[in-house]
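Descriptive analysis of the structure
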Amino acid sequence: MEKESDCIRAYYKLNKFSMTLLGHWPYQSENSIKIVTFLWLFQHLSILLPELIRFVEIRNNVDYVILAFSPLIYNIVVGIKFVNGSLNRHKIKITLDTIQSDWKSLRTEEEARILANYSSFGKLCTVGWACKLALR
């Protein structure tokens, strides 16, 4: 399945939006993915490299090391998560294709209602997570 279906458009808009911003949406063009990845890596490294340099400069002062450790670790973890998402983009595509296949295989209204309820709950979880991140 190469195109996203109505179920993806209806229930996964926020996921699509955030994953497109990161270059992780599997239906994005390759050029778009390369541009977004380059821009993300550039901005992330422009933050991480000065942090690492400063960390090395202050390595003998324990108080400063403790202060600098938290943002450094945070940025390293964010980088790891970004690389993980990039490397596993194909798994996201497989998952979305399976979701589309499930929607197309429904036989009764009851099955459609059940799947719609679960999808709505997933959408609610995504909105809740996005709000939590926005309120930091």
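Given the structure is predicted, the values throughout are model-derived calculations rather than measurements.

Time to look at the pattern of salt bridges. Within the structure shown, the criterion is met by three salt bridges. The partner of Lys93 in a salt bridge is Asp97, and the shortest N-O contact between them spans 3.7 Å. With Lys93 and Asp97 both in helix H5 (residues 89–104), this residue pair falls four residues apart, about one helical turn. Measuring nitrogen to oxygen at the nearest pair gives 2.5 Å for the salt bridge that ties Glu110 to Arg113. In this pair, Glu110 and Arg113 both sit in helix H6 (residues 109–134), three residues apart, roughly one turn of the helix.

Next up on the list: the UniProt feature "transmembrane region" (unreviewed entry) in the chain. Those residues carrying the UniProt feature "transmembrane region" (unreviewed entry) are residues 65–83 in this numbering. Overall, residues 65–83 shows 100% helix and 0% strand. The separation of its end C-alpha atoms is 26 Å.

Conventions adopted
Residues numbered from 1 in each chain as written. Predicted model: local features only at pLDDT ≥ 70, side-chain atom pairs only at ≥ 80, totals over all residues. Heavy atoms only, no water. Salt bridge = Lys/Arg side-chain N within 4 Å of Asp/Glu carboxyl O. Helix = DSSP H or I, 4+ residues; strand = E, 2+ residues; numbered from the N terminus. UniProt positions renumbered as here; feature names shortened; annotations may be inferred.

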